[in-house]
Amino acid sequence: MNTVRLTTSQALVRFLAHQYSERDGQEQRLIPGVWGIFGHGNVAGIGQALLQAATTGEADLPYYLARNEQGMVHASVAYAKMRDRLATYACTASTGPGSTNMITGAALATTNRLPVLLLPSDMFATRAADPVLQQLEDTRGGDVTVNDAFRAVSKYFDRISRPEQLIPAALAAMRVLTDPAETGAVTLALPQDVQAEAYDWPVAFFRRRVWHVGRPVPEPAAIERAARLLRNAKKPLIVAGGGAVYSGAETALRAFAEATGIPVADTHAGKGAVPWDHPCAVGGIGSTGSYAANELAREADVVLGVGTRYSDFTTASHTVFADPDVTFVNLNVARLDAVKHSAEPLVADARLGIQALAGALTDWEVSADYRALTRRLIARTREIEEECFQVGHGPLPAQTEILGALNDVLDDRAVVINAAGSLPGDLQQLWRARDPKAYHVEYAYSCMGYEVAAGVGAKMADPTREVVVLVGDGSYLMMAQEIVTMISEGLKVIVVLVQNHGFASIGALSESLGSQRFGTKYRYRDGSSGLLDGEVLPVDLAANASSLGADVLHASSVDEFRSAMEKAKAATRTTVVHVETDLYGPNPPGHGWWDVPVSEVAALDSTRSAYATYLAHKQTQRPYL
């Protein structure tokens, strides 16, 4: 057997450089590069291997420097999302805090079913120097390290305590990364001494490998059962989730909706699968869903879920699908999701499943009355949207007015990125996406701090698109430092920084739950009350963005915002558009509910009143059996 002597790190770098994914005959690099921040745990291992690869040309695996370990995972996940889960990055971090900083990103990746390869450095496998700097000493066992925390948030975890263990572990890692039903964070913990240890590796380990991402074919009997349910439906509804986008099912889904007349609602991950102005598109569904989608959902007798995981926001905490006899048909590549809500499962690729259903329903469509109802509900929804866009609020504009202006100034291919705060709810009702990649809202983990880092990954995934990071001041303060990465990599990203001096979403939720917006505003501590209810803090986030290297434009009105956006679009480098909005809204009208428990006993009148409202909503909640 031909062998080559390399360190474990050098072998891993060479292996990763030769991994490819393929779907529908299109091949691409599975791991096009490595993000990292170096410390004593990886600088002489993975760091040396990446340097050697770059200087000798023995492996094509570029290195990218991040400013926060969580941020580099977010960037990798955003890249994978834009690439339909067919490519992602590896992330290397140093021992201890550098590695544990990646855990939040790992949880986000796995929750969103998006691939990322994590390479946290670990303690000495030999334990020659014990304990080393940053080592956790656990009295329960000597083999426990902080990296064991990755187990709960990874789809695959392994610790490489001998060089030869890398061979099966690396192959298993690629298998999980390229499995659409099982993908998520994949973690290979690398003890720092093993990273630098040499071994005689089989040359065959480094051959070019193509991981074929298949399209599972629907079972004919399952198609027949699903088609039978749809044929008997009077008021069917489609819920399009992220799987519809990742499988490239957009064209098939639109054609199916047109032929059958079934209206299509979407989740955050599925928005854009059917263009917003398509006659069957009824908008976002659930807790922050549109008027049309939620009205149709309340009377739907059969719900066809396409690639959705049915989060509580999608079902409005099990209240929006109100027909007592509602039946679900779930088309999903993952059986976990296909069987939810006692559904008739259709375990298959979304595109192939839709095409098969279309073939089984060629002579069937909804009634003319139901098509007419859908048109009326869409028309009313458009009226609601325009009212939000043109509310004429002052002295500070409403956030909805800024979104209306942003809708107008961006073209159909521009990518809008968001994850947390009040913006996702407003966006689900108001954003008008025609392109399946134009709406990039991470709402499975809804992680504050995702947005700026995701802007890096999205732009790297498709440099031809305008990438717009839409971020509130709360999320900006969590993680803005990847603006420096945008500058260092020469990426042109627009960051729209919406400042309202507080947590608008949680503040409004707190008020509705009787907690009076406690602890949700950025204020001085009031000397008399002892609460954070004093004057607004003198925080200048625009100056902060400028200090990180971005160009900054200011806007204090909707017209000024439009003008600033035109300048930002014409710019050639990262530009931050800073605009202040009213912390108190107004926001779009609510058409759904979200189950957040209220204190059952309380001394506050506001809480007691909120609890009575909560009980009324709980009466409409039900399991789907």
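The preceding data block contains the structure.
Residues numbered from 1 in each chain as written. Predicted model: local features only at pLDDT ≥ 70, side-chain atom pairs only at ≥ 80, totals over all residues. Heavy atoms only, no water.

*Asks:* Is there a simple way to explain the overall build of the protein in this structure?
*Replies:* Helix and strand counts for the protein stand at 23 helices and 23 strands. The C-alpha radius of gyration computed for the protein amounts to 25 Å, which stays within 12% of the reference 25 Å derived for 625 residues, consistent with globular compactness. Dimensions of the protein, computed from the C-alpha atoms along their principal axes, are close to 70 × 70 × 55 Å. Expressed as a percentage of the 625 residues in the protein, the buried residues total 59%. (Helix = DSSP H or I, 4+ residues; strand = E, 2+ residues; numbered from the N terminus. Rg over C-alpha atoms; globule rule 2.2 N^0.38 Å. Buried < 20%, exposed > 50% of the residue type's maximum accessible area, 1.4 Å probe, protein only.)

*Asks:* I tried to follow the sheet that holds strand β9 (residues 185–191) on my own but got confused; where do I start?
*Replies:* Reading across from one edge, β5-β4-β6-β7-β9-β8 is the order of the six strands in this open sheet, with parallel pairing throughout. Lying at the two open borders of the sheet, with one neighbouring strand each, are β5 (63–65) and β8 (156–159). For this sheet, the mean angle separating the axes of adjacent strands, direction not counted, is 20°. With four bridges connecting them, strand β6 (residues 90–93) and strand β7 (residues 116–122) associate as parallel partners. When the sheet's bridge partners are listed, cysteine 91 is paired in β7 with leucine 118. (Pairing = 2+ DSSP bridges. Axes fitted to C-alpha atoms, helices over the stretch in contact; angles between N-to-C directions.)

*Asks:* Where do I start with empty space enclosed by the protein in this structure?
*Replies:* For the coordinates displayed, the defined rule picks out five cavities of 30 Å³ or more. Empty space within the largest cavity amounts to approximately 610 Å³. As for the largest cavity, its lining consists of 43 residues, and the residues nearest its centre are Arg85, Gly242, Gly243, Tyr246 and Gly307. Breaking the lining of the largest cavity down by element, the ones donating at least two residues are α9 (242–246) and β16 (327–332). (1 Å grid on protein atoms, 1.4 Å probe; cavity = no way out; pocket = protein on both sides within 12 Å on 5 of 7 lines; lining within 4 Å. Points joined across faces, edges and corners; volume = space filled by probe spheres on them.)

*Asks:* Just checking my understanding: could you explain the sheet that holds strand β20 (residues 467–472) for this structure?
*Replies:* Sheet strands pair via backbone hydrogen bonds, and the direction of the pair is either parallel or antiparallel. Across the sheet, which stays open at both edges, the six strands sit in the order β19-β18-β20-β21-β23-β22 with parallel pairing between neighbours. Strands with a single pairing partner mark the edges of an open sheet, and in this sheet they are β19 (439–441) and β22 (551–555). Recorded for the sheet is a direction-independent mean angle of 20° between the axes of neighbouring strands. Two elements, strand β18 (residues 415–418) and β19, share three bridges in a ladder whose sense is parallel. Note on β19: the bridge partner recorded for valine 416 is tyrosine 439. Against the sheet, helix α16 (residues 423–430) touches β18, β19 and β20, its axis set at about 155° to β19. (Contact = heavy atoms within 4.5 Å.)

*Asks:* Just to check I follow, could you spell out the packing of aromatic side chains for this structure?
*Replies:* We describe a pair of aromatic rings using the distance from one ring centre to the other and the angle between the two ring planes. Evaluated as defined, the whole model comprises 18 aromatic pairs. Their ring planes at 80° and their centres at 4.9 Å tell us that tyrosine 199 and tryptophan 201 sit as a pair that is edge-to-face. When its relative accessible area of 0% is taken as the criterion, tryptophan 201 is described as buried. An aromatic cluster is built from Phe15, Tyr199, Trp201, Phe205 and Phe206, whose rings are joined through pairwise contacts. A cation over an aromatic ring shows up here: arginine 14 above the ring of phenylalanine 206, its NZ or CZ 5.5 Å from the ring centre. (Phe/Tyr/Trp six-rings, centres within 6.5 Å; stacked < 30°, edge-to-face > 60°. Lys NZ or Arg CZ within 6 Å of the ring centre and 35° of its normal.)

*Asks:* Looking at this structure, how should I read the state of the cysteines?
*Replies:* Structurally, a disulfide amounts to a covalent bond that connects the sulfur atoms of two cysteines. On inspection of all chains with the given rule, the structure shows zero disulfides. Among the cysteines around cysteine 447, which has no disulfide bond, cysteine 91 carries the closest sulfur, lying 14 Å off. The class for cysteine 447 is buried, based on a relative accessible area of 7%. (Disulfide = S-S within 2.5 Å.)

*Asks:* Quick question: what am I supposed to make of the pairing of β8 here?
*Replies:* Walk down a regular strand and you will see the side chains alternate between the two sheet faces. Pairing of β8 with β9, which is carried by four bridges, proceeds in the parallel orientation. By the bridge assignment, tyrosine 156 is partnered in β9 with valine 186. Between the parallel pair β8 and β9, the chain is carried across by helix α6 (residues 166–177), and the sense of this crossover is right-handed. (Right-handed = clockwise from strand over helix to strand, strands pointing away.)

*Asks:* Where do I start with the layout of surface pockets in this structure?
*Replies:* To locate leftover empty space, one rolls a probe as large as a water molecule over the atoms. Put simply, the largest pocket is a space of about 1,100 Å³. What lines the largest pocket is a set of 49 residues, among which Thr288, Ser505, Ala508, Leu509 and Trp594 lie closest to the centre. Of all the secondary-structure elements, those providing two or more residues to the lining of the largest pocket are α16, α18 (473–478), α20 (504–512) and α23 (605–618). When residues of the lining of the largest pocket are assigned to their parent elements, the largest contribution, seven residues, is made by α20. By residue class, the composition of the lining of the largest pocket is 22 nonpolar, 23 polar and four charged. (Nonpolar A, V, L, I, M, F, W, Y, C, P; charged D, E, K, R; others polar.)

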